[in-house]
Every structure is written in structure tokens, then in C-alpha cells.
Amino acid sequence: MLLSDERDELGVIGRRLAETGLVIGSSGNVSVRSGDLVAVTPGGMMLDRMEPADCPVVTLSGRVAEGERAPSSETPMHLALYGATPAAAIVHTHSTYAVAVATTMRELPPIHYNTLLLGGVVKVAEYATYGTPELAGNVRAAMAGGKRAALMANHGAVAIGRDLDEAFENARLLEWLCGVYVRARTIGEPRVLTEEELAKVAERGLAPPEFPPL
């Protein structure tokens, strides 16, 4: 079976996403790249109930190389990000606070220095119908400049990483940051860190790890 280990990892991450509430039901999707092949979660299936064989393998052009189930409808977005970034794994969620911010904001401001771990201010990709080339292009644009995550207007969030564990942790960090922001707004206007303050944090070594060459 092609990418058997990677397909097994998709099931592990799918269960972790469900357990942490980052996805509900069949919402969201995950993929992992190995060379010129990508293992991706199937469309319309509960992420915590997948078996390795349920996850199809596609080429970077989108052709199904192996698998009986159809790839996730968001596969075009995953492939667009693999073409534009050095990512080896992608996690897309519909998590509560990320969706809340993505329906009201153009970007998530840097309310905490851990924003730097995601590459700085998190942009909100313009809305487009799910699964379309337009959405894939909008997300790719929002991730430009070395970003590790983006929000998707009226939709959800996407995070990338050097492997599935890192992509998952970036998605979890993004949801935490969105949660802090939403809760802070119930008390008052959140204080936003300045570029100078963020630069001083970066000088102390807080930065996302470098992607290895593909």
C-alpha cells in the first residue's frame, strides 16, 4: 500500500483533532506529503473513524494514485499550499474560535508573542466556495511570506508544518490565540503588541523552526 505509514498517521491526527474539538464530525481535513505523493483524508468521513486504507493517495497534480474513496473536497487547497510552501503536512479545521474570528476580522492581531511561531500576524483569506480553485488561491495568498497558518473567511483555519505533529500543534496554537482574542474582547479592547515589541521577542530566539528542503 502506497504511503502506508503516512496514511496510518492521518488516522492518529484525525482522532486527536476530534478529541481536542478542533473538528466535529466530518468537517476539516488533513494531508501529508512524501516526495511527489500526498496522502489525504477522504471526503465525507468522520476523521476519528478512518482506517489507513480509507485515505486516498494523490499526485501533486491531483490524480488519484491509490485508494477507493474520493479525496477530500479541499484537496485543491492542500495541493496549492504544497506547491507554494515547503510544508510536508497540512491540517484544516473548523474550530470554534477560529471560525468566529474568521467571520469578523481581516487578520488576527498579535495579542501574544506566540503569534511569531505562526510566522507573525495571521491573515484571513478572502471567502470563496469550499473546494474551489478560487479558495485555494486565496488561502495560498494569505500564507505568503513564510506564514505557518491562515484563517479562512466564514469557513475555518489551516495550518502547515514539517510533519503532521507540527501541523497539528500549529492548528492548536491558532485556535488558542483566537480563543484568547475572543475572550479578551468580552472584557475590553485587547492590547496589541507593536512591531518593536515583537522584534525584541524574535531577538530572543522565538521563531518557527526552519522547514527542511523537500
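Residues numbered from 1 in each chain as written. Predicted model: local features only at pLDDT ≥ 70, side-chain atom pairs only at ≥ 80, totals over all residues. Heavy atoms only, no water.

The name an unreviewed UniProt entry gives the protein is Class II aldolase/adducin family protein, with Actinomadura soli as the organism.

1. Description of the overall build of the protein
In plain terms, the rule: Per the convention used, a helix needs a DSSP run of H or I reaching at least four residues, while a strand needs a run of E reaching at least two, with both numbered from the N terminus. When we talk radius of gyration, it's over C-alpha atoms, and the globule rule is simply 2.2 Å times the number of residues to the 0.38. Burial classification: accessible surface area is computed with a 1.4 Å probe over protein chains only, and a residue below 20% of its type maximum counts as buried, one above 50% as exposed, and the rest as partly exposed. Every residue pair with non-hydrogen atoms within 4.5 Å of one another is taken to be in contact. Where accessible areas are quoted, they stem from the Shrake-Rupley method and a 1.4 Å probe; at the residue level, only the protein chains shown are allowed to cover. Under the counting rule used here, the positive set is Lys and Arg, the negative set is Asp and Glu, and His together with the chain ends is not counted. Where a charge lies is defined by one atom per residue type: Lys uses NZ, Arg uses CZ, Asp uses CG and Glu uses CD.
Along the protein, the regular secondary structure elements total six helices and nine strands. Here the C-alpha radius of gyration of the protein, 17 Å, is about what a compact globule of 214 residues would show, namely 17 Å. Here the C-alpha coordinates of the protein stretch approximately 50 × 35 × 30 Å along the principal axes. Per-residue burial for the protein yields a buried fraction of 49% across its 214 residues. Long-range pairs, those at least 24 residues apart, make up 67% of the contacts in the protein with a sequence separation of at least 6. Working note: accessible area of the protein is about 10,200 Å², and carbon and sulfur atoms make up 51% of it. Placing the 19 positive and 26 negative side-chain charges of the protein at their respective mean positions leaves the two points 5 Å apart.

2. Remarks on helix H5 (residues 164-187)
Note: α-helices contain 3.6 residues per turn, so residues at a spacing of three or four share the same orientation. Rules: Helix span, as expected, comes to 1.5 Å for every residue beyond the first. Under the rule applied, a polar contact is a pair of N or O atoms within 3.5 Å (in protein, one hydrogen donor and one hydrogen acceptor; residues adjacent in sequence only if both atoms are side-chain atoms).
Taking 1.5 Å of rise per residue, the 24 residues of H5 would be expected to cover 34 Å, and the 35 Å separating its terminal C-alpha atoms lies within 8% of that figure. Where H5 begins, one side-chain oxygen reaches toward the backbone nitrogen of Asp 165, 3.3 Å away; that side chain belongs to Asp 163.

3. Quick look at the pairing of strand S7 (residues 122-125)
To keep things clear, this is the line we draw: When DSSP finds two or more bridges between a pair of strands, those strands are recorded as paired. The definition of a right-handed crossover adopted here requires that, viewed with the strands pointing away, the path from the first strand over the helix to the second runs clockwise.
Two strands pair when backbone bridges link them, and strand S6 (residues 107-108) and S7 are joined in this way by two bridges, in the antiparallel orientation. Each bridged residue has a counterpart across the sheet, and for Leu 108 the counterpart in S7 is Val 122. As defined by bridge partners, S7 adjoins strand S8 (residues 149-152) across two bridges and the pair is classed as parallel. Across the sheet, Val 124 pairs through a bridge with Leu 151, a residue of S8. For the crossover that starts at S7, traverses helix H4 (residues 133-142) and ends in the parallel S8, the hand is right-handed.

4. Here's the deal with the UniProt feature "domain: Class II aldolase/adducin N-terminal" (unreviewed entry) in the protein
Definition in use: UniProt positions are given in the numbering used here, feature names are shortened, and annotations may be inferred rather than shown by experiment.
The residues that UniProt annotates with the feature "domain: Class II aldolase/adducin N-terminal" (unreviewed entry) are residues 8-182. This span, residues 8-182, is 33% helix and 21% strand, and a straight line between its end C-alpha atoms measures 35 Å.

5. Description of the sheet that holds S6
To keep things clear, this is the line we draw: Fitting a line to C-alpha atoms yields each axis, with helices limited to the stretch in contact; the angle taken between N-to-C directions then spans 0 to 180 degrees.
Strand order in this open sheet of nine strands is S4-S3-S2-S1-S5-S9-S8-S7-S6, and the pairing throughout is mixed. Lying at the two open borders of the sheet, with one neighbouring strand each, are strand S4 (64-66) and S6. Taken strand by strand, helix H1 (residues 4-19) contacts strand S1 (29-34), strand S2 (37-40), strand S3 (57-59), S4 and strand S5 (89-93), and its axis lies near 150 degrees from that of S1. Most of the contacts of helix H2 (residues 75-84) go to S1, to which it runs at about 40 degrees, and overall it touches S1, S2, S3, S5, S8 and strand S9 (156-161).

6. Some remarks on the environment of Leu 60
For Leu 60, the position within the fold is in the loop between S3 and S4. Its relative accessible area of 31% is what places Leu 60 among the partly exposed residues. When the C-alpha atoms of Leu 60 and Thr 186 are compared, they prove to be 44 Å apart, with 126 residues separating the residues in sequence. Apart from the residues within four sequence positions on either side, Leu 60 is in contact with Arg 33, Gly 35, Asp 36, Val 38, Leu 79 and Tyr 82.

7. Digging into the nonpolar core
Soluble, globular proteins show a tendency: their nonpolar side chains are buried together. Using the following cut-off: Residue types Ala, Val, Leu, Ile, Met, Phe, Trp, Tyr and Cys, when buried and joined through side-chain atoms within 4.5 Å, form a set referred to as a nonpolar core.
In this structure, Leu 17, Val 30, Leu 108, Leu 151 and Leu 174 are the most contacted members of the largest nonpolar core, which totals 38 residues. For this core, the elements supplying multiple residues, two or more each, are H1, S1, S5, helix H3 (96-102), S7, S8, S9 and H5. Top contributing element to this core by residue count: H5, with nine residues. Apart from residues no more than four positions distant in its own chain, Leu 17 is found in contact with Leu 22, Val 23, Val 30, Leu 47, Val 91, Thr 93 and Phe 168.

8. Examining the pattern of salt bridges
Put simply, the rule is: Any carboxyl oxygen of Asp or Glu within 4 Å of a side-chain nitrogen of Lys or Arg constitutes a salt bridge here.
All told, the structure shown has eleven salt bridges when counted by the stated rule. Ionic pairing is found between Glu 107 and Lys 123, a salt bridge with its closest N-O pair at 3.2 Å. You can see Glu 107 sitting in strand S6 and its partner Lys 123 sitting in strand S7, a full 16 residues away along the chain. Arg 185 is the salt-bridge partner of Glu 189, the closest N and O atoms lying 3.9 Å from each other. Exposure remark for Arg 185: the relative accessible area of 42% places this residue in the partly exposed category. Taken together, the salt bridges that share partners define one network made up of Arg 16, Asp 165, Glu 169 and Arg 172.

9. Topic: unusual backbone geometry
Although it is not a glycine, Leu 3 adopts a positive phi angle of roughly 50 degrees. We classify Leu 3 as buried; its relative accessible area is 14%.

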